Amino acid sequence: VHSPVPGIVHRYADRVLFLVSDYCASYCRYCTRSRRVGRRHSDAKTLEERWSAGVAYIESNPQIRDILVSGGDPLILDDDRLDNLLTRLREIPHVEIIRVGTKAPLVLPQRITPSLLKILGKHQPLWMSLHCTHPDELTAEVEQALSMLADAGIPLQSQTVLLAGINDRAGTLKTLFQGLLRLRVRPYYLFQCDPVAGSEHFRVPVKEGLKI
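Because the structure is predicted, anything quoted here is derived from the model rather than measured. (Residues numbered from 1 in each chain as written. Predicted model: local features only at pLDDT ≥ 70, side-chain atom pairs only at ≥ 80, totals over all residues. Heavy atoms only, no water.)

Caption draft 1: Representation of the side chain of Asp 73 within the structure. Inspection of the secondary structure puts Asp 73 in the loop between β3 (66-70) and α2 (79-90). A distance of 2.8 Å separates polar atoms of two side chains, one belonging to Asp 73 and the other to Thr 102. Discounting chain neighbours no more than four positions away, the residues touching Asp 73 are Ser 21, Tyr 23, Cys 24, Gly 101, Thr 102, Lys 103 and Ala 104. (Helix = DSSP H or I, 4+ residues; strand = E, 2+ residues; numbered from the N terminus. Polar contact = N/O pair within 3.5 Å; in protein donor to acceptor, adjacent residues only side chain to side chain. Contact = heavy atoms within 4.5 Å.)

Here you go:
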């Protein structure tokens, strides 16, 4: 009911979720869209059709001011295709903010290159929403990638899924959030694990989550 065209989720009046890729650098077992990503081949023609329908929908709805570009992971796209997509979105007059939802800087930090930073810098105001779950992810390579993004003027924020046996301790989350802040990443969301098939053992009861 919230998806008027393929790839678009329009739940809130002034913003949309734009699913631009079906692939990730890492497939999380608890992913809220795990049933949709990495399981089928999306050729360039199919993806281009989805993008065109999504861009046309956003153009036709002037109340949309904020776009969260997600997937899959948009940073799986090569530089030219990512630049093309962001250019098409930035050319829409009523689009004020573009957010890129990605886990790539945490699991594929080598993706953060000078050429990528140049592309992202062209399309400001642009935010990056990272997915970081545990302080062990903050490796030296990740620190370098996040520093490159922050130095390029990309505002960074993180989302964390509360996972039983992984990060469901106040001390673990404190270490994670303080580590992110040190790297100029604002801790933004702490999610309850969605009821995804096969992820029951990861779910922390809401009561316990509030206590933490």
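Back to the write-up after that little detour.
Caption draft 2: Inspection of the environment of Leu 146 at higher detail. Within the secondary structure, Leu 146 is located in helix α5 (residues 140-151). For Leu 146, a relative accessible area of 0% puts it in the buried group. Along the sequence, Leu 146 and Val 196 sit 50 residues apart, while their C-alpha atoms lie 30 Å from each other. Contacts of Leu 146, omitting those with residues within four sequence positions, involve Pro 105, Leu 130, Leu 156, Leu 183 and Val 185. (Buried < 20%, exposed > 50% of the residue type's maximum accessible area, 1.4 Å probe, protein only.)

Caption draft 3: Quick look at a nonpolar patch on the surface. Residues Ile 76, Val 107 and Leu 108 make up a contiguous nonpolar surface patch of roughly 190 Å² in combined accessible area. A relative accessible area of 34% means that Ile 76 is categorised as partly exposed. (Patch = residues over 30% accessible without salt bridge, like charges linked within 9 Å, V, L, I, M, F, W, Y side chains within 5 Å. Areas by Shrake-Rupley, 256 points an atom, 1.4 Å probe, with all protein chains shown as cover. Salt bridge = Lys/Arg side-chain N within 4 Å of Asp/Glu carboxyl O.)

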